[in-house]
Amino acid sequence: MTASVNVPLNSRGKIAASLPAEQLAEITALFEFRRTGYSLDAPFYTDPSIFKIDMEAIFGQHWIFAASTAELPEPGDYVTVDYGPYSLIVLRNDDGGVNVLHNVCRHRGARVLTEAAGSTGNLVCGYHSWTYSPEGNLIHASAPGETKFDKSCFGLKRAHGREVAGLIFVCIADEPPTDFDETAKIFEPYLAPHDLSKTKIAYQQNIIEEGNWKLVMENNRECYHCDGHPELACSLFPTWGLTEGLIPPHLEEVWNRNKEAQSSLEERCRRYGLPYEVVEQLDTRIAGIRISRESLDGDGESFSADGRRLSKKLLGDLRDFRLGRCSMHLQPNSWFHFLGDHVITFGVFPINEHQSLVRTTWLVADDAVEGVDYDLEKLTYTWKQTNLQDKAFVELCQQGAGSPAYEPGPYMKSEYQVEAFINWYVQRVQEHLA
């Protein structure tokens, strides 16, 4: 769980280099002397300078989940993705790929596209009408002749984008980490049967949480708090994260029911040739991942009160609704649930040191009809409630981190994935600061 991995060197450390030597020494010491198995010191959640380092060392260097294929199915479709000081345009091009462009006009720096999503031909800045091709090339500047310049030198700056198994990732580093290829090989076989290319958006929810992005991710990495999710606990076994020897008496019956359900699920997966094994490399590779297929309670089909399906349409090539959930965590900003009848994607986009945007998207089969094949309120109910509860938990922790009385506390054994996330984060930043 603590093995180190090597990161290719990039142009890095600009913010760190700009900090006063004394402040940089203090921040470096916080990382160096971070107590393993304990939550982070308060400045990691409250200090604007550490947030800037996070944006440079984590969100400026690694592959970030941005959207799903269903969000931009046709050429010209786009979404804008904002985090920290960055704004990116993710646009479907005529070749079927994605272009990723910095959403900063090369004239005066205005946002070129201001909507969260839409469809466009050329990209026209609303300030002075500088116009760019979908590839980011400057093709028109109004009032030509006032100033002579080479338009080829003023295209929108480009970033990296890639699409894997229906998920779109972006990276603004000059040289993205290359081990994402190996991570993609891990999760592609799990996702392929769900065929996200044949899904559509049923609903998308944006929540701004008054909490540092790391608190949002930490909260997602454990189920120690799942007693606070009564709607989710109808279908998600609250023993998630526990192992033999850690089961409290009041959960023994649930634990046994979970084991039986998991055994049945694995038998069905073998019958259909679906991978279900746990792959857990959260802090032992640069593109950290955890993926598995796990049983759900009740009928074991979906996130409903009785575990039954929430959409009548099966996804992709699946032949059975009783496939539990394929759960995937990717460092640093996303997690996913792939079910037989729908998919839920979660992306975390930091705003500043004490605010984060959490974007949740529900995907159903592209031929599913609302009101006929699925009821939107029922489809989204469990995770809408769960998201609001998680928002409250995160905000309680953010308030605590701002108190002079705060000091790091120990993680329980069931919170080992939180420790793995923090270990991954500390490794990545230390490598960046080195």
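All of the points below concern the structure found in this document. These numbers come from a predicted model, not from an experiment.

### As for the overall build of the chain
Consideration 1: What the chain contains, in helices and strands, is nine helices and 17 strands.
Consideration 2: Over its C-alpha trace the chain gives a radius of gyration of 22 Å, about what one expects of a compact globule, namely 22 Å for 434 residues.
Consideration 3: With the C-alpha coordinates aligned to their principal axes, the bounding extent of the chain is approximately 75 × 55 × 35 Å.
Consideration 4: Pairs at least 24 apart in sequence give 67% of the contacts found in the chain among residues at least 6 apart.
Consideration 5: Side-chain charges of the chain comprise 40 positive and 61 negative groups, with the mean position of each set lying 4 Å from the other.

### Topic: the sheet that holds strand β15 (residues 334–338)
Consideration 1: Ordered by their spatial adjacency, seven strands build an open sheet running β11-β17-β16-β15-β14-β13-β12, and the pairing between neighbours is antiparallel. In this open sheet, the two strands that pair with only one neighbour each are β11 (199–209) and β12 (279–281). Direction aside, the axes of adjacent strands within the sheet are offset by 15° on average.
Consideration 2: Pairing of strand β14 (residues 325–330) with β15 involves five bridges; the strand directions are antiparallel. Considered in β15, the bridge of H329 is made with W335.
Consideration 3: This element, helix α8 (residues 376–401), spans β11, β15, β16 (343–352) and β17 (355–365) of the sheet and lies at about 20° to β11.

### Topic: the environment of G211
Consideration 1: Looking at where G211 falls in the secondary structure, it is placed in the loop between β11 and α6 (213–220).
Consideration 2: Residue classification places G211 among the buried positions, given a relative accessible area of 0%.
Consideration 3: Sequence separation of G211 and E267 is 56 residues, and the distance between their C-alpha atoms is 41 Å.

### Concerning the state of the cysteines
Consideration 1: Considering all chains together, one arrives at one disulfide under this definition.
Consideration 2: Disulfide pairing places C223 opposite C226 at an S-S distance of 1.9 Å. Looking along the S-S bond of the C223-C226 disulfide, the torsion reads about -110°, which is the left-handed sense.
Consideration 3: For C226, a relative accessible area of 7% translates into the label buried.

### Side note on the packing of α6 against helix α9 (residues 416–433)
Consideration 1: With their axes 8 Å apart at the nearest point, α6 and α9 run at an angle of 145° to one another. As for how α6 packs across α9, the hand of that crossing is right-handed. On α9, the residues touching W213, K214, M217 and E218 of α6 are V418, F421, I422 and Y425.
Consideration 2: Taken together, the residues of the contact of α6 with α9 break down into six nonpolar, no polar and two charged.

### Some thoughts on the pattern of salt bridges
Consideration 1: Per the counting criterion, the structure on display carries 22 salt bridges.
Consideration 2: The partner of R162 in a salt bridge is D181, with the nearest N and O atoms 2.9 Å apart. Here D181 lies in helix α5 (residues 180–191) and R162 lies in strand β9 (residues 158–164), a separation of 19 residues in the sequence.
Consideration 3: Linked through salt bridges whose partners overlap, the residues forming this network are E280, R290, E294 and R325.

### Regarding the pairing of β16
The side chains of a regular strand alternate between the sheet's two faces.
Consideration 1: A large share of β16 lies buried, amounting to nine of its ten residues.
Consideration 2: The loop that links β15 with its antiparallel partner β16 comprises four residues.
Consideration 3: Sheet topology note: the β16/β17 ladder contains nine bridges and is antiparallel. Bridging from a neighbouring strand, F349 pairs with L357 of β17.
Consideration 4: Where β16 folds back onto β17 in an antiparallel hairpin, the turn is made up of two residues.

### Looking at the sheet that holds strand β3 (residues 86–92)
Consideration 1: Strand order in the open sheet formed by seven strands is β1-β10-β9-β4-β3-β2-β5, and the pairing between neighbours is antiparallel. Of all the strands in the sheet, just β1 (64–68) and β5 (117–119) have a single pairing partner and so form its edges. For this sheet, the mean inter-axis angle between neighbouring strands, taken without regard to orientation, is 25°.
Consideration 2: Two elements, β3 and strand β4 (residues 98–102), share five bridges in a ladder whose sense is antiparallel. For V90, the partnering residue across the bridge sits in β4 and is V100.
Consideration 3: In this fold α5 packs onto β9 and β10 (167–171), with an angle of close to 35° to the strand it touches most, β9.

### Regarding the side chain of E419
Consideration 1: The residue E419 is located in helix α9 in this model.
Consideration 2: A distance of 2.7 Å separates a polar atom in the side chain of E419 from a polar atom in the side chain of R34.
Consideration 3: Once you skip the residues sitting within four places of it in the chain, E419 turns out to touch R34, T36, G37, Y38 and Y411.

### Comments concerning unusual backbone geometry
Consideration 1: The linkage connecting Q331 with the following residue, P332, adopts the cis geometry, with an omega of 5°.
Consideration 2: One non-glycine residue, S129, lies in the positive phi region at around 65°.
Consideration 3: Topologically, S129 is positioned in the loop between β6 (123–124) and β7 (131–132).
Consideration 4: Overall, the relative accessible area of 35% leaves S129 in the partly exposed class.
Consideration 5: The phi dihedral of A165 falls on the positive side, at around 55°, and the residue is not glycine.
Consideration 6: Note that A165 resides in the loop between β9 and β10.
Consideration 7: Judged by relative accessible area, which is 25%, A165 ranks as partly exposed.

The rules behind the values
All residue numbers here refer to positions counted from 1 along the written sequence of the relevant chain. For this predicted model, a pLDDT threshold of at least 70 governs which residues receive local features, and a threshold of 80 or more governs which side-chain atom pairs are given and counted, while totals over whole chains, interfaces and linings are taken from all residues. Side-chain metrics rest on all non-hydrogen atoms present in the structure, leaving aside hydrogens and water. The numbering of helices and of strands both runs from the N terminus, where a helix is a DSSP run of H or I of at least 4 residues and a strand a run of E of at least 2. The quantity called the radius of gyration is restricted to C-alpha atoms. Its globule counterpart is 2.2 Å times the number of residues to the power 0.38. Pairs of residues are marked as contacts when any of their non-hydrogen atoms sit within 4.5 Å. Note that His is not counted, nor are the chain ends; the positive residues are Lys and Arg, and the negative ones are Asp and Glu. In this description, the location of a charge corresponds to atom NZ of lysine, CZ of arginine, CG of aspartate or CD of glutamate. Strand pairing requires that DSSP identify at least two bridges connecting the strands. Throughout, an axis means a line fitted to C-alpha atoms (over the contacting stretch in the case of helices), and angles, computed between N-to-C directions, take values from 0 to 180 degrees. Relative accessibility decides the category of a residue: with a 1.4 Å probe and only protein chains considered, values under 20% of the type maximum give buried, values over 50% give exposed, and everything between is partly exposed. Criterion for a disulfide: a pair of cysteine sulfur atoms within 2.5 Å. For any pair of crossing helices, the crossing counts as left-handed if the nearer helix is rotated counterclockwise from the farther one by less than a right angle, and right-handed if it is rotated clockwise. Residues are grouped as follows: nonpolar covers Ala, Val, Leu, Ile, Met, Phe, Trp, Tyr, Cys and Pro; charged covers Asp, Glu, Lys and Arg; every other residue, Gly included, is treated as polar. The working definition used for a salt bridge is a side-chain nitrogen of Lys or Arg within 4 Å of a carboxyl oxygen of Asp or Glu. Nitrogen and oxygen atoms within 3.5 Å of one another constitute a polar contact, given that in protein one can donate a hydrogen and the other can accept it, and given that sequence-neighbouring residues count only through two side-chain atoms.

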